[in-house]
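Now for the letters of each chain:
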Amino acid sequence: MGKIKEAVKTILKEIPDNVEIVAAAKSRTAEEILEAIEAGIRIIGENYIQESQPIIEKIGDRAIWHFIGHLQKNKVKYVVPLYHMIETVDSRPLAEQISKHALKHGKVMPVLIEINSAREPQKFGVFPEKALDLIKDIKALPGLKVMGLMTMGPAVEHPDHLRPFFEETKALFDAIRNECIDGVEMKYLSMGMSDSYRVAIEAGANVIRIGTKIFGQRPQQ
Ligand SMILES: *Cc1c(COP(=O)(O)O)cnc(C)c1O
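Note that residues are indexed from 1 along each chain, following the sequence as it is written. For this predicted model, a pLDDT threshold of at least 70 governs which residues receive local features, and a threshold of 80 or more governs which side-chain atom pairs are given and counted, while totals over whole chains, interfaces and linings are taken from all residues. Hydrogens and waters are ignored; side-chain quantities use all the structure's heavy atoms.

Time to look at the overall build of the chain. For the chain, the count of helices and strands is nine helices and eight strands. Between the two quantities, the radius of gyration covers C-alpha atoms and the globule rule is 2.2 Å times the number of residues to the power 0.38. For 221 residues, the compact-globule formula gives about 17 Å, and the C-alpha radius of gyration of the chain, at 17 Å, lands near that figure. Principal axes of the C-alpha set define a box for the chain whose edges measure 50 × 40 × 30 Å. When accessible area is computed with a 1.4 Å probe and restricted to protein chains, residues below 20% of their type maximum are described as buried, those above 50% as exposed, and intermediate ones as partly exposed. Taken across its 221 residues, the chain has 50% of its residues classed as buried. In this analysis, two residues are considered to be in contact whenever any of their non-hydrogen atoms come within 4.5 Å of each other. A separation threshold of at least 6 residues defines the contact pool for the chain, and within that pool the share at least 24 residues apart is 60%. When charges are counted, Lys and Arg contribute as positive and Asp and Glu as negative, whereas His and the chain ends are disregarded. Charge coordinates come from a single atom per side chain, which is NZ of Lys, CZ of Arg, CG of Asp or CD of Glu. Side-chain charges in the chain split into 30 positive and 30 negative, and the spacing between the mean points of these groups amounts to 4 Å. Helix and strand definitions here come from DSSP, where helices need a minimum of 4 consecutive H or I residues and strands a minimum of 2 consecutive E residues; each element is numbered from the N-terminal end.

Shown next, in the form of structure tokens:
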């Protein structure tokens, strides 16, 4: 069995049934991604539209495609037809652009709101205290459906240092879900990567985004 397959099987065995893995596949080849799919991965996450286009054309509906990178408004038109979910919505203008292009393609794009859980000014994502207002502001856009939250968390020395940020994002997720906002379905909480997914699951994540632990170190790191 190949290394990628072995890694996927190990993680699948370890995590609870309700947790979905997004295999974070930036810089990986279609062959590597297909090996992960054969081992049981259903969702592939990509960060870069140009890099992902030929790969998605090759692999197509053998996977569900999540956009997990920072999305510029002028790239939305390329992302909408190829992807099944966008995990990184953090502004009304971006949401409007997604809705507009989704309608052109006759679809409703599921999105997650990216939370800047450590409130780092230079990073993407909406501050936790602004998330509810943003969701209320975009809920009526007809080409998009809010389905949860995503967070990266800050760079820390030990994954356990992410716990307070993951826990705050989970509390925010629950609070927004309890508002029962029309047209909003708080279903997915995407947090945790290769070195932090255990902490994230303990904090309540039901989507984890795993790159290096599945595919090995990225070449240009
Ligand atoms: C690359 C990436 C991941 C996975 O990171 P690893 O440390 O390789 O597991 C998760 N989320 C996002 C948004 C990424 O860009």
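Here we come to the packing of aromatic side chains. Classification of ring pairs uses Phe, Tyr and Trp, with its six-membered ring standing for Trp, and accepts pairs whose centres are within 6.5 Å; under 30 degrees between planes counts as stacked, over 60 as edge-to-face, and the remaining range as tilted. Taken as a whole and judged by the stated rule, the model has one aromatic pair. Each ring, one from Phe67 and one from Tyr83, has its centre 5.3 Å from the other, and the planes form 85°; the classification is edge-to-face. Residue Phe67 is located in strand 3 (residues 64-67), and its partner Tyr83 is located in the loop between helix 4 (76-82) and strand 4 (85-89); the two are separated by 16 residues in the primary sequence. There is no split in this pair, since Phe67 and Tyr83 are both buried.

Turning to the side chain of Arg209, a few remarks are in order. Structurally, Arg209 can be placed in strand 8 (residues 207-210). Lacking a salt bridge, the buried Arg209 has Glu87 as its closest oppositely charged neighbour, with an N-O distance of 4.3 Å. Here the side chain of Arg209 touches Ser190 through a polar contact of 2.9 Å, side chain to side chain. Excluding residues that lie within four positions of it along the chain, Arg209 makes contacts with Val22, Ile68, Glu87, Met150, Thr151, Met152, Ser190, Met191, Gly192, Met193 and Ser194. In the sections that follow, a salt bridge refers to a side-chain nitrogen of Lys or Arg positioned within 4 Å of a carboxyl oxygen of Asp or Glu. Polar contact is defined as a pair of N or O atoms within 3.5 Å, subject to the rule that within protein one atom must be able to donate a hydrogen and the other to accept it, and that residues adjacent in sequence are counted only when both atoms are side-chain atoms.

Nearness here has a simple test: a residue counts as near a molecule or strand if at least one of its heavy atoms is within 4 Å of that partner. Every residue near the ligand is listed here: Ala24, Lys26, Asn47, Ile68, Met152, Met193, Ser194, Arg209, Ile210, Gly211, Thr212 and Arg218. In this structure, an oxygen atom belonging to the ligand sits 2.7 Å away from a side-chain N or O atom of Asn47. In the environment of the ligand, a nitrogen atom lies 2.9 Å from a nitrogen or oxygen atom belonging to the side chain of Arg209. A 1.4 Å probe and the Shrake-Rupley method give the accessible areas. Residues count as covered only by the protein chains that appear here. A total of 380 Å² of accessible area belongs to the ligand in isolation, and the protein chains cover 91% of it. Residues belonging to the shell around the ligand are distributed by class as follows: five nonpolar, four polar and three charged. Classification convention: Asp, Glu, Lys, Arg as charged; Ala, Val, Leu, Ile, Met, Phe, Trp, Tyr, Cys, Pro as nonpolar; all other residues, Gly among them, as polar.

Here the focus is the nonpolar core. Ranked by size, the top nonpolar core spans 67 residues in total, and within it Ile98, Ile113, Leu149 and Ile214 carry the most contacts. Sequence-distant contacts of Ile98, that is, excluding residues within four places in its chain, are made with Leu71, Val76, Val80, Ile86, Val89, Met109, Val111, Gly143 and Leu144. Put simply, a nonpolar core is a bunch of buried Ala, Val, Leu, Ile, Met, Phe, Trp, Tyr and Cys residues held in one set by side-chain atoms that sit within 4.5 Å of each other.

Let us now look at unusual backbone geometry. The phi dihedral of Ser27 falls on the positive side, at around 70°, and the residue is not glycine. Note on placement: Ser27 falls in the loop between strand 1 (20-24) and helix 2 (30-38). Despite not being glycine, Cys180 shows a phi value in the positive range, around 45°. Here Cys180 shows up in the loop between helix 7 (163-178) and strand 7 (188-191).

Structural remark: α-helix, 3.6 residues per turn; residues separated by three or four positions point the same way. Ile49, Ser52, Ile55, Ile56 and Ile59 are the residues of helix 3 (residues 49-59) that are buried. Taken around the axis of helix 3, the buried residues stretch over an arc of 130°, which confines them to a single face. Away from the buried face of helix 3 by more than 90 degrees, exposed residues Gln50, Glu57 and Lys58 are located. Buried positions along helix 3 lie against helix 2, strand 2 (43-46), strand 3 and helix 4. Gly60 sits one or two positions beyond helix 3 and adopts a positive phi of about 55°. By construction, the arc corresponds to the directions joining the helix axis to the C-beta atoms.

Here the expected span of a helix is defined as 1.5 Å times the quantity of residues minus one. For helix 7, built from 16 residues, the straight-helix expectation of 22 Å at 1.5 Å per residue is met to within 8% by its first-to-last C-alpha distance of 22 Å. Among the residues of helix 7, Phe166, Thr169, Leu172, Phe173 and Ile176 are the ones counted as buried. Axial view of helix 7: buried residues confined to an arc of 120°, hence all on one face. Elements in contact with the buried residues of helix 7: strand 5 (109-115), helix 6 (128-138), strand 6 (144-151), strand 7 and helix 8 (197-203). Backbone geometry just downstream of helix 7 places Cys180 in the positive-phi region, at approximately 45°.

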